[in-house]
Amino acid sequence: MKLFDGLVLGIETSCDETSVAVLDGLTVRANVVASQIEMHQEWGGVVPEAAARAHVESILPTLQTALDQAGITLPDVGAIGVTNRPGLVGALSVGVTCAKGLAALLERPLIGVHHLEGHLVSAHFAATRPEFPHVALIVSGGHTELVYVQGPGEYEMLGETIDDAAGEAFDKCARLLGIPYPGGKGLQELARTGNPKAFDLPRSLPKDPFNFSFSGLKTAAFRMIERTGAGIDRADAAASIQAAIVDVLVKKAMRAVREVPEAWGLALVGGVAANESLRTQLAEACARSGLGFATPPFEFCTDNAAMIALAGSMRLAYGATDDPSLDVFPNAALPSSVHQNQG
Ligand code: KG4
Ligand code: ZN
């Protein structure tokens, strides 16, 4: 995979993290994440207007911290990559406006990055980098997708969730157990001492081989908690919920990676890739099948600008750039080629 020759500044503001990174090839010189989670916890989810305002407040201090950590000043930046799609429009606009201003001021190339491509390339921050072609499982708060990654920037969507995302299922079930938003990590901690077989929860496997469905699990978890009442063993409930989500993800991902011809193996990316049970089970399943497995360190699983800088670096190296009219898009399909940008 070719990369831009020079320092790339990455900016990510698509949802509830303001993040700025400095990347040198594959070396992360700085990756600063200012989280808004505490603010959104009051409402139990992300409030778009509040998110945009918080990005306005934190974008410049986050930029300065990233430059300081990398030990550079603005003129050292060689190019700028910014998430411009998909996401909350107001939130995206803050990052894109900042990136455009910097690109004009510094006279450096600017590249808009699809947020999911950021997650996809984050697999290259793993100790074992994925080889091409491979299958990627993207699991986050907003996405659950299986993607065939034929080469750098060459993607084919194999399947996706038909309702809730895996992270959403974690968060909604966690909420039922009184765990604050976003509940994935808290549910994992609670599950440590629980019995994953204590409660029998559904494993929904939609007919389409690579699609997912998690909305039935939330309803079943609600009924389970209601039926059992206040005396419910929360650790057992958490372990059973985690097992139900992980089982489905493992089954579908392994099916995809076995069916795709000549796949090197599997890349696991996105916030839910931080889940230890999911990482371990997929690593073991791939090892048993003689397949490769790559997943980034935890800090590059949840939203971060280092992955956006890396996707931007790759696109620039293959000849793509954007001009100052770069726009933001709340919804956008993953580009299918490294030479196709805005979609
Ligand atoms: O990728 P991400 O930071 O944001 C989106 O693009 O959505 O993913 C956030 C999601 C949340 O749903 C959060 O609960 C989940 O990732 N998550 C986890 C874990 N850490 C974060 N889910 C399960 N286990 C974890 N350890
Ligand atoms: Zn994300």
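Residues numbered from 1 in each chain as written. Chains lettered and ligands numbered in written order. Predicted model: local features only at pLDDT ≥ 70, side-chain atom pairs only at ≥ 80, totals over all residues. Heavy atoms only, no water.

Caption draft 1: Quick look at the pairing of strand β9 (residues 265-269). Most of β9 is tucked away: five of the five residues are buried. As defined by bridge partners, strand β6 (residues 134-139) adjoins β9 across four bridges and the pair is classed as parallel. The residue of β9 that forms the bridge with I138 is V269. Handedness of the crossover joining β9 and strand β10 (residues 292-294) through helix α9 (residues 276-288): right-handed. (Buried < 20%, exposed > 50% of the residue type's maximum accessible area, 1.4 Å probe, protein only. Helix = DSSP H or I, 4+ residues; strand = E, 2+ residues; numbered from the N terminus. Pairing = 2+ DSSP bridges. Right-handed = clockwise from strand over helix to strand, strands pointing away.)

Caption draft 2: Focus on the side chain of E145. Tracing the backbone through its elements, the reader meets E145 in strand β7 (residues 144-151). Buried and unpaired, E145 has no salt bridge, with R85 as the nearest side chain of opposite charge at 13 Å. A distance of 3.3 Å separates polar atoms of two side chains, one belonging to E145 and the other to H143. Residue contacts for E145: discarding those within four places in its chain leaves L116, A136, L137, I138, M157, G159 and E160. (Lys, Arg positive; Asp, Glu negative; His and termini not counted. Salt bridge = Lys/Arg side-chain N within 4 Å of Asp/Glu carboxyl O. Polar contact = N/O pair within 3.5 Å; in protein donor to acceptor, adjacent residues only side chain to side chain. Contact = heavy atoms within 4.5 Å.)

Caption draft 3: Spotlight on the sheet that holds strand β8 (residues 154-160). Spatial ordering of the open sheet is given by β8-β7-β6-β9-β10, a layout of five strands whose pairing is mixed. Every interior strand has two partners, whereas the edge strands, β8 and β10, have only one. The average undirected angle you get between the axes of adjacent strands in this sheet is 20°. Here helix α8 (residues 234-259) sits on the sheet in contact with β6, β7, β8 and β9, set at roughly 155° to β6. (Axes fitted to C-alpha atoms, helices over the stretch in contact; angles between N-to-C directions.)

Caption draft 4: How the structure looks around the pattern of salt bridges. Within this structure, the stated rule accounts for nine salt bridges. Here R29 makes a salt bridge to D24, at a shortest N to O gap of 3.8 Å. Overall, the relative accessible area of 33% leaves R29 in the partly exposed class. The partly exposed category is assigned to D24, whose relative accessible area is 33%. Across the pair K172 and E168 runs a salt bridge, and its minimum N-O distance is 3.3 Å. Remark: E168 and K172 occur in helix α5 (residues 166-176); sequence separation between them is four residues, near one turn of the helix. By relative accessible area, K172 is classed as partly exposed at 28%. Look at E168 and you get partly exposed, because its relative accessible area is 26%.

Caption draft 5: Quick peek at the sheet that holds strand β1 (residues 7-12). Spatial strand order, β3-β2-β1-β4-β5: five strands in an open sheet with mixed pairing. Two strands bound the open sheet, and with one partner strand each, they are β3 (27-35) and β5 (110-114). In this sheet, neighbouring strand axes are inclined to one another by 20° on average, regardless of whether the strands run parallel or antiparallel. Examined bridge by bridge, β1 and strand β2 (residues 17-24) share six bridges and lie antiparallel to one another. Bridging from a neighbouring strand, E12 pairs with S19 of β2. Here helix α10 (residues 305-317) sits on the sheet in contact with β1, β2, β3, β4 (79-85) and β5, set at roughly 125° to β1.

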